[in-house]
Amino acid sequence: QVQLVESGGGLVQAGGSLRLSCAASGLTFTFTSYHMGWFRQAPGQEREFVAAISRIDGSTYYADSVKDRFIISRDNAKNTVSLQMNSLKPEDTAVYSCAAASWIRGLREPNEYNFWGQGTQVTVSA
């Protein structure tokens, strides 16, 4: 059974930082065969793309709203993907989920991902 488990969420003041991690297990193929992404969903809003990192070569992609503030990375030896979030704003408040896809057409589209974690809450206070 594929499992993606997020950790690192919590409450932080505006301008602060958090680091989210996602540990993958039970994947059919090696971890390097999967594109990995982070998405978020705030109450009353649709799920939106945050960041993604390509399989093997590790190319990164970011939503304009988080560019230059967030950094996505992966540790293929540990089957993990992380999201370093800096200069957090109240509008970053959401449930953050990691996702994996063995084949993908658009890294920014949530319906392209096959596997999802349970999500972790990030709350940024003013």
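Each remark here, short or long, concerns the structure printed above.
Source: prediction; values computed, not measured.

Basis of the calculations
- Residues numbered from 1 in each chain as written.
- Predicted model: local features only at pLDDT ≥ 70, side-chain atom pairs only at ≥ 80, totals over all residues.
- Heavy atoms only, no water.
- Helix = DSSP H or I, 4+ residues; strand = E, 2+ residues; numbered from the N terminus.
- Buried < 20%, exposed > 50% of the residue type's maximum accessible area, 1.4 Å probe, protein only.
- Lys, Arg positive; Asp, Glu negative; His and termini not counted.
- Salt bridge = Lys/Arg side-chain N within 4 Å of Asp/Glu carboxyl O.
- Polar contact = N/O pair within 3.5 Å; in protein donor to acceptor, adjacent residues only side chain to side chain.
- Contact = heavy atoms within 4.5 Å.
- Core = buried A, V, L, I, M, F, W, Y, C linked by side-chain atoms within 4.5 Å.
- Pairing = 2+ DSSP bridges.

### As for the side chain of R74
Phase 1: Along the chain, R74 falls in strand β7 (residues 70-75).
Phase 2: One buried charged residue, R74, forms no salt bridge at all, with the nearest opposite charge on D57 at 7.2 Å.
Phase 3: For R74, the side chain forms a polar contact with the main-chain oxygen of Y34, separated by 2.9 Å.
Phase 4: Side-chain polar atoms of R74 contact the side chain of N76, separated by 2.9 Å.
Phase 5: Those residues in contact with R74 that sit more than four places away from it in its chain are F31, T32, Y34, H35, M36, I53, S54, R55, T80 and V81.

### Considerations on the nonpolar core
Phase 1: Judged by nonpolar contacts, the single largest core of 39 residues is most densely connected at W38, L83, M85 and Y96.
Phase 2: The set of elements that each furnish at least two residues to this core consists of β3 (18-25), β4 (35-41), β5 (48-53), β7, β8 (80-85), β9 (94-101) and β11 (120-125).
Phase 3: Considering every element that reaches this core, the biggest residue donor is β9, with six residues.
Phase 4: Setting aside anything within four residues of it in sequence, one finds M85 in contact with G16, S17, L18, L20, R69, F70, Y96 and V122.

### Considering the pairing of β5
Phase 1: Extensive coverage of β5 is indicated by the burial of five of its six residues.
Phase 2: Taken together, the five bridges between β4 and β5 define a ladder with antiparallel strand orientation. Of the residues in β5, the one forming a bridge with G37 is A52.
Phase 3: Here β5 pairs with strand β6 (residues 60-62) via three bridges, running antiparallel. Among the inter-strand pairings, A52 is bridged to a residue of β6, identified as Y61.

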